[in-house]
Every structure is written in structure tokens, then in C-alpha cells.
Amino acid sequence: MEKFKLLSSPAVPLPIEDIDTDQIIPARFLKSISREGFGENLFRDWRYDKADKPIKDFVLNNNIYKGEILVCGRNFGCGSSREHAAWSLADYGFKVVISSFFADIFKANALNNGLLPIQVSDAVLKRIFIAIENSPYCLFGVDLENQVLSNNQELHVKFEIDAYKKECLLKGYDDIDYLLSMLSEIEDFENKQITF
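Throughout this document, residue positions are counted from 1 along each chain, in the order its sequence is written. For a predicted model such as this one, the threshold for reporting local features is a pLDDT of at least 70, and the threshold for listing and counting side-chain atom pairs is 80 or more; totals across whole chains, interfaces and linings nevertheless cover every residue. For the side-chain quantities, the full set of heavy atoms in the structure was used; hydrogens and water were omitted.

1. Considerations on the pairing of strand β1 (residues 6-9)
The test is simple: Throughout, exposure labels follow a simple rule: accessible area from a 1.4 Å probe, protein chains only, divided by the maximum for the residue type, with under 20% read as buried, over 50% as exposed, and the rest as partly exposed. Only DSSP runs of H or I with at least four residues qualify as helices, and only runs of E with at least two residues qualify as strands; both kinds are numbered from the N terminus onward. Between any two strands, at least two bridges found by DSSP are needed for them to pair.
The two faces of β1 differ: L7 and S9 on one face are buried, but L6 and S8 on the other face are not. Pairing between β1 and strand β6 (residues 140-143): four bridges, direction antiparallel. Residue pairing across strands places L6 opposite D143, the latter belonging to β6.

Okay, here's the thing in C-alpha cells:
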């Protein structure tokens, strides 16, 4: 995984609540076990009509909105536990997803795949949507080390993250990488054990 420390990016607004994992990546695209290529089918049924033509009104088809931050309505990632939802968001190019509530399994899958879910209050989420509406190109800053989300319009909020997952993101580790980083300590521990 890539190391995550600081990010400065415009944000893509998707103010829809209860976006489930089948809307994020429809089940018919879950035929691969590789993480690559899922981004092209992110929100497929919202991005394209039945003739595979882009739906003009959908935000990902609007050239005004670009960036590595996706801002969504409450209860993002509900539904099935498919890890492919996190894969598709990351493969599309998102590094951060902001919402006022995440489904637990989606949140865990996101963190395990280098995608940072930032949970804010409903009031802060509303402010973010207003800031994007007023200035689609406004930049949002994500400082993972200090756990701060900010923008150039006086938004400055702290966010919570599990300390272990924070360390993994900062170092670019998945769970296996983390264990391998402790190999010498593990070997020292094993060598000190009494054998019978």
C-alpha cells in the first residue's frame, strides 16, 4: 500500500444516503480476485445507462468535480460485506471517503485497502457539501498524523481513527506488512522461550 500522510485535493460530492455496496460495485462485476480494474465499474448503474452511455447528471461524469476525496451522505457502505467496494473506490483514484456514518464492515475493508474513511458529524457534513457547492474547486486537506480535516473556508475538524490502522496507513502497511515489520522482535521472543 501507499503511505498516507497529507492529502490536499478537491472533493467529489455525492449527497445520497444509504449507499450500499451493490451500488458502489454491482455484483455482476465481482468475477475477479485481483484488485485492479474495479474502478471502471464504480457506481456503474448510476454512471451509465443500459446502452453503456454516460449519464450526464451523475457527479462522476461531471468534469467540474475531480479529486481524491469522495463526500457521501449518511450510512455509506451498508449492505453486503464485499471488499470489492473498497477496491473499486481506491482503483478509481479515491484516497478518502467522508460521511457522517459508515457501515462497520465497509470501514474495516476501506482501512485494510489504504482508503481512509473519515466520519464527521451531520452538521460538518452539511458544511462540506455547502463548501463544495459554493466552490467546486476548493481544496480539502487531510492530515492523518494529526487527524485533522480542513479546507480553505475555515473548516478545521478532528477525526477519529483506530491507532493501529493509523500506523498502518502512515507506513503503507497491510496487516501482513505490519507483522513482517516486527519479524526481528518476533524472532527474539521465540528465541527467549523455554523449550521442553
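2. A look at the pattern of salt bridges
To be explicit about the condition: Any Lys or Arg side-chain nitrogen found within 4 Å of a carboxyl oxygen on Asp or Glu counts as a salt bridge.
On inspection of all chains with the given rule, the structure shows eight salt bridges. D22 is paired through a salt bridge with R82; the nearest N and O atoms lie 2.9 Å apart. Residue D22 is located in helix α1 (residues 21-24), and its partner R82 is located in the loop between β3 (69-72) and α3 (84-92); the two are separated by 60 residues in the primary sequence. Residue classification places D22 among the partly exposed residues on the basis of a relative accessible area of 35%. For R82, a relative accessible area of 15% corresponds to the buried category. One connected set of salt bridges, linked through shared partners, spans E2, E68 and K95.

3. Brief notes about the sheet that holds strand β4 (residues 96-99)
Sheet strands pair via backbone hydrogen bonds, and the direction of the pair is either parallel or antiparallel. Quick reminder of the rule: Where helices are involved, their axes are fitted lines through C-alpha atoms of the stretch in contact, as for all axes, and angles between N-to-C directions lie from 0 to 180°. Should any heavy atoms of two residues lie within 4.5 Å, those residues are counted as being in contact.
In space, the four strands of this open sheet follow the order β2-β3-β4-β5, with parallel pairing throughout. The outermost strands of the open sheet, each flanked by one partner alone, are β2 (11-14) and β5 (116-119). Taking the axes of each pair of neighbouring strands and ignoring which way they run, one obtains an average angle of 20° across the sheet. Strand direction decides the pairing type here: β3 and β4, joined by three bridges, are parallel. Along β4, the bridge assignment pairs I69 with V96. Where helix α5 (residues 122-134) meets the sheet, its contacts fall on β2, β3 and β4, and the angle it forms with β3 comes to roughly 120°.

4. Some remarks on the side chain of S9
To keep it simple, the criterion reads: A 3.5 Å cut-off defines polar contacts: any pair of N or O atoms within that distance qualifies, except that in protein one atom must be a possible hydrogen donor and the other a possible acceptor, and neighbouring residues in sequence count only when both atoms are side-chain atoms.
Secondary-structure assignment places S9 in strand β1. The class of S9 is buried, set by a relative accessible area of 2%. A polar contact is formed between the side chain of S9 and the backbone nitrogen of E68, at a distance of 2.8 Å. For S9, the contacting residues outside a window of four places in its chain are G67, E68, I69, C138, L139 and F140.

5. Brief notes about a negative patch on the surface
Stated formally: Like charges are joined within 9 Å and nonpolar side chains (Val, Leu, Ile, Met, Phe, Trp, Tyr) within 5 Å, but only among residues with over 30% relative accessible area and no salt bridge; these make up the patches. All accessibility values rest on the Shrake-Rupley procedure with a 1.4 Å probe; residue burial counts only the protein chains present in the view. Note that His is not counted, nor are the chain ends; the positive residues are Lys and Arg, and the negative ones are Asp and Glu. By convention, the point assigned to a charge is CZ for Arg, NZ for Lys, CD for Glu and CG for Asp.
Side chains of E185, E187, D188 and E190 sit close together on the surface and give a patch of like negative charge. The residue E185 is located in helix α8 (residues 183-192) in this model. A relative accessible area of 45% places E185 in the partly exposed class.

None of the figures reported here should be taken as evidence of function without further support.
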